[in-house]
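Summary of the model geometry
Spelled out, the chains give:
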Amino acid sequence: MGCNTSSTRIKNSQTSLRAVLIIQNWYRGYKARLKARQQYALTIFQSIEYADEQDQIQLCNFFSFMLENYTHIRKEEIELSQLTESKQDMRDKQDYIHLIDVPDSYQGPRLQFPLTCADIDLLLEAFKGKQILHARYVLEVLFETQKLLKQMPNFTQIQTSPSKEVTVCGDLHGKLDDLFLIFYKNGLPSGSNPYVFNGDFVDRGRNSIEVLMILCVSFLVYPNDLHLNRGNHEDYMMNLRYGFTKEILHKYKVHGKKILQTLEELYTWLPIGTIIDNEILVVHGGISETTDLNLLHRVERNKMKSVLMPPKEINKDCNNDSKPSKVGVTISAHGRIKASGCPSEHLPKHEWEQVVDILWSDPRGKKGCFPNTGRGGGCYFGPDITSKILNKFQLKMIIRSHECKPEGYEICHGGKVVTIFSASNYYEEDSNRGAYVKLCSGANPRFFQYQVTDATCFQPLHQRVSTMENSAIKILRERMISRKTDLIHAFQHQDRRKSGKLPVSQWAFCMESILGLHLPWRSLSSNLATIDENGNIEYMSSFRNIHIEKPIKEANSALVEILYRYRSDLEIIFNAIDTDHSGLISMEEFRTMWKLFSSHYNLHIDDSQVNKIANIMDLNRDGSIDFTEFLKAFYVVHKYEAMIKPEATNLGT
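Residues numbered from 1 in each chain as written. Predicted model: local features only at pLDDT ≥ 70, side-chain atom pairs only at ≥ 80, totals over all residues. Heavy atoms only, no water.

Here's the deal with the sheet that holds strand β15 (residues 434-439)
Reading across from one edge, β4-β3-β2-β15-β16 is the order of the five strands in this open sheet, with mixed pairing throughout. Only two strands of the sheet have a single neighbouring strand rather than two, namely β4 (226-228) and β16 (446-450). Neighbour-to-neighbour, the strand axes of the sheet open up by a mean angle of 20 degrees, direction not taken into account. Against the sheet, helix α7 (residues 208-221) makes contact with β3 (195-197) and β4, and its axis sits at roughly 130 degrees relative to β4, the strand it touches most. (Pairing = 2+ DSSP bridges. Helix = DSSP H or I, 4+ residues; strand = E, 2+ residues; numbered from the N terminus. Axes fitted to C-alpha atoms, helices over the stretch in contact; angles between N-to-C directions. Contact = heavy atoms within 4.5 Å.)

Right, dumping it as structure tokens:
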């Protein structure tokens with residue numbers, strides 16, 4: 001009897017163990033599938049982000065083309081603009097500040113110069129309470145910061161000790177809550193708690209000016225213990241596209257343009273890197289096979305106005321009667337065309353390229369150094385390039401930022417390259433953690449991760465992943481609909497039988513050849529189109545339940561797609577030629593600019609179609625159109641979006 005009981009217990013235990021193992025294996029597989037779906041979504045976000053950066057670089061090339069061909073800008077106008085700005089620059093900045101009155105009704109923080117640690121606390125509390133810092137204090141902080149930055153070398157040198165670690169933070173991108181969380185976990189900057197903020201303080205997030213003010217005030221209080229490196233978004237041309245310019249003009253309607261003008265100059269004085277303990281190089285992007293730190297130490301960094309406006313071969317004589325384009329013309333911080341003066345104001349091309357590589361490059365596992373086709377600027381550098389540059393300059397490690405990583409940091413190239421990214425939830429809620437790294441001479445780097453929590457973080461993991469997936473698929477569909485005509489032509493070219501269907505491989509080939517996003521299209525196919533029982537894709541279903549709203553029904557579909565696709569570029573361009581800041585452009589300007597734009601971008605569109613839409617958008621028939629309203633007329637409609645359940649999208653499954 002006892003033996004039977006013992007045998008039964010053993011069998012029950014074995015059954016229970018098998019059940020536990022089955023559940024454990026199922027759960028591990030489930031978690032792995034969720035992780036894969038999350039990674040697919042992140043890949044979509046990142047591919048589209050980098051494609052947008054390519055668009056921005058292409059736009060800057062167009063500006064050079066435009067200014068060589070756009071006859072509406074007269075030399076006299078540019079010279080007058082240049083003269084006016086030069087006089088304004090020569091004005092005593094303190095006098096300008098004192099002209100700005102802070103009314104008694106102002107309830108925000110009042111800074112006392114010279115600043116102390118009490119002002120840092122005051123600013124933090126005010127920003128936690130959603131208060132806006134008055135324009136007078138913003139400008140004074142920026143002026144004082146620039147004055148101090150001018151005294152800094154191109155590369156700041158830092159020494160650590162066992163009792164004095166340094167904390168390196170990556171991209172913040174206007175994520176104020178992340179900065180609050182870093183200071184809560186790691187302490188405020190001080191003489192015993194130094195920080196390096198490795199660029200990209202602004203753009204994308206809603207609180208870029210608040211983040212920048214906290215960093216600048218902390219820098220003014222602790223200039224030897226808080227270090228600011230320039231990132232690729234500390235660039236007024238990037239700010240025009242990615243939100244910081246609009247944020248400033250929205251929050252500071254009276255003095256916004258002066259703030260932007262001041263920022264444009266301040267960016268140029270930010271150091272381009274930091275060297276810790278003579279062995280760790282901290283730069284925003286990376287390196288290239290030609291990186292020369294000795295040369296970069298000597299570069300006049302303030303001549304790097306924008307990495308997106310490459311220097312041109314220019315006439316050496318600045319006093320001749322050449323055309324404006326021979327002198328050089330750029331776009332100002334608030335988006336207006338202005339003269340940029342003599343060639344001496346620009347870096348030589350080889351020096352400009354060195355700085356671009358530092359700010360824009362990315363590491364890759366493949367050996368060698370090759371063009372950064374993802375972003376369109378800088379390069380990809382392999383482990384052999386890392387070893388070569390580190391050995392050449394007797395360094396041990398590179399710490400860089402510039403790329404969102406799911407865990408907030410990543411180690412590659414045999415531990416010689418560390419990526420640190422400090423903006424959590426960068427693409428979408430729960431898309432990634434943020435991180436910072438603490439360094440001390442003779443010790444291994446210590447990484448600290450965090451994530452700003454929201455109500456969504458209390459949702460089950462599968463629901464959070466599904467929400468992120470849906471957001472990724474939504475922006476990918478918008479990219480697809482903006483190239484609908486081109487995609488249909490590609491599909492039909494492959495569809496020899498005119499069946500309306502393609503094998504997944506051919507469909508994926510068409511998607512990549514037109515969109516160029518380097519995505520795993522086969523894995524994504526079930527989320528973007530209908531697949532029949534034979535595994536073929538009904539390619540017209542790729543555009544189901546989504547369309548671009550037309551301002552007029554008769555508008556040519558290809559034209560509507562182009563206007564939607566280039567809407568951000570066009571907005572920047574037309575703001576640049578709106579010289580009287582009226583928000584209106586004449587029909588003549590519109591037609592001239594469109595011809596230049598379509599010529600440079602190789603767009604084959606009948607001009608009569610463009611004229612027809614423009615005439616209809618001239619609502620009061622005064623020969624002018626409100627171009628902002630014009631662009632708003634083109635938007636994507638997602639049908640049945642509210643009816644899609646969060647579980648409906650399963651990337652990579």
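Past the structure itself, the notes keep going.
Section: the pattern of salt bridges
A side chain of one charge can pair with a side chain of the opposite charge when the charged atoms of the two come close. Taken as a whole and judged by the stated rule, the model has 27 salt bridges. The partner of R204 in a salt bridge is E49, with the nearest N and O atoms 3.4 Å apart. Remark: E49 occurs in helix α1 (residues 2-69) and R204 occurs in the loop between β3 and α7; sequence separation between them is 155 residues. Exposure remark for R204: the relative accessible area of 33% places this residue in the partly exposed category. (Salt bridge = Lys/Arg side-chain N within 4 Å of Asp/Glu carboxyl O. Buried < 20%, exposed > 50% of the residue type's maximum accessible area, 1.4 Å probe, protein only.)

Examining the state of the cysteines
Evaluated as defined, the whole model comprises zero disulfides. Here C369 is not disulfide-linked; the sulfur of C379 is the nearest cysteine sulfur, at 3.4 Å. Under the relative-accessibility criterion, C369 is labelled partly exposed at 24%. (Disulfide = S-S within 2.5 Å.)

As for the pairing of strand β2 (residues 166-169)
Regular strands have side chains that alternate between both faces of the sheet. The alternating pattern of β2 places V166 and V168 on one face and T167 and C169 on the opposite face, and all of these are buried. Where β2 and β15 come together, four bridges link them in antiparallel fashion. Each bridged residue has a counterpart across the sheet, and for T167 the counterpart in β15 is K438. Pairing of β2 with β3 involves three bridges; the strand directions are parallel.

Quick look at the sheet that holds strand β13 (residues 409-412)
On the basis of which strands lie adjacent, the open sheet formed by six strands has the order β1-β5-β6-β12-β14-β13 and mixed pairing. Strand pairing shows two members of the sheet lacking a second neighbour, β1 (155-158) and β13, which therefore form its edges. Across this sheet, the average inter-strand angle for adjacent strands is 20 degrees, counted without regard to direction. Here β1 pairs with strand β5 (residues 273-276) via four bridges, running parallel. Residue pairing across strands places I158 opposite I276, the latter belonging to β5.

So, the packing of helix α17 (residues 504-515) against helix α18 (residues 521-528)
Relative to each other, α17 and α18 sit at 95 degrees, their axes nearing to 9 Å. Looking at the two axes, α17 sits roughly perpendicular to α18. Across the interface between the two elements, V504, S505, W507, A508, M511, E512 and L515 of α17 pack against W521, R522, S525 and L528 of α18. The class makeup of the residues in the contact of α17 with α18 is seven nonpolar, two polar and two charged. (Parallel < 35°, antiparallel > 145°, perpendicular 65-115°, else oblique. Nonpolar A, V, L, I, M, F, W, Y, C, P; charged D, E, K, R; others polar.)

Things to note about the environment of F597
By secondary structure assignment, the location of F597 is in helix α21 (residues 587-600). Measuring from C-alpha to C-alpha, the distance between F597 and F65 comes to 9.2 Å, with 532 residues separating the pair along the chain. Contact partners of F597, with chain neighbours within four places excluded, come to F62, Y566, D569, L570, I573 and L603.

Points about the side chain of E234
If you trace the backbone, E234 turns up in the loop between β4 and α8 (236-242). No salt bridge forms around the buried E234; measuring N to O, its nearest opposite-charge neighbour R230 is 6.5 Å away. Here D200 takes part through its backbone nitrogen, which lies 2.6 Å from a polar atom of the side chain of E234. Of note is the side chain of E234, whose polar atom sits 2.9 Å from the backbone nitrogen of F201. (Lys, Arg positive; Asp, Glu negative; His and termini not counted. Polar contact = N/O pair within 3.5 Å; in protein donor to acceptor, adjacent residues only side chain to side chain.)

A short note on unusual backbone geometry
In this chain, F113 is followed by P114 through a cis amide linkage whose omega measures 0 degrees. Among the structural elements, P114 can be located in the loop between α3 (93-98) and α4 (117-128). One non-glycine residue, K130, lies in positive phi territory at about 65 degrees. Along the chain, K130 falls in the loop between α4 and α5 (135-149). For K498, which is not a glycine, the phi torsion comes out positive at approximately 55 degrees. Checked against the element boundaries, K498 lands in the loop between α16 (484-494) and β17 (501-503).

Focus: the packing of α5 against helix α10 (residues 256-269)
In contact at an axis separation of 10 Å, α5 and α10 are set at 20 degrees when each is read in the N-to-C sense. One finds that α5 runs roughly parallel with respect to α10. Every pair of crossing elements has a handedness; the one defined by α5 and α10 is left-handed. Residues A135, V138, L139, L142, F143, T145, Q146 and L149 of α5 form the contact with α10, whose participating residues are K258, I259, T262, L263, E265, L266 and W269. Taken together, the residues of the contact of α5 with α10 break down into ten nonpolar, three polar and two charged. (Left-handed = near helix turned anticlockwise from the far one by under 90°.)

Looking at the packing of aromatic side chains
For the structure on display, the rule yields 21 aromatic pairs. Ring centres of F62 and F597 lie 5.5 Å apart, and the angle between their planes is 75 degrees; on these two criteria the pair is classed as edge-to-face. Taken together, the residues F62 in helix α1 and F597 in helix α21 connect sequence positions 535 residues apart. Both residues of the pair, F62 and F597, count as buried. (Phe/Tyr/Trp six-rings, centres within 6.5 Å; stacked < 30°, edge-to-face > 60°.)

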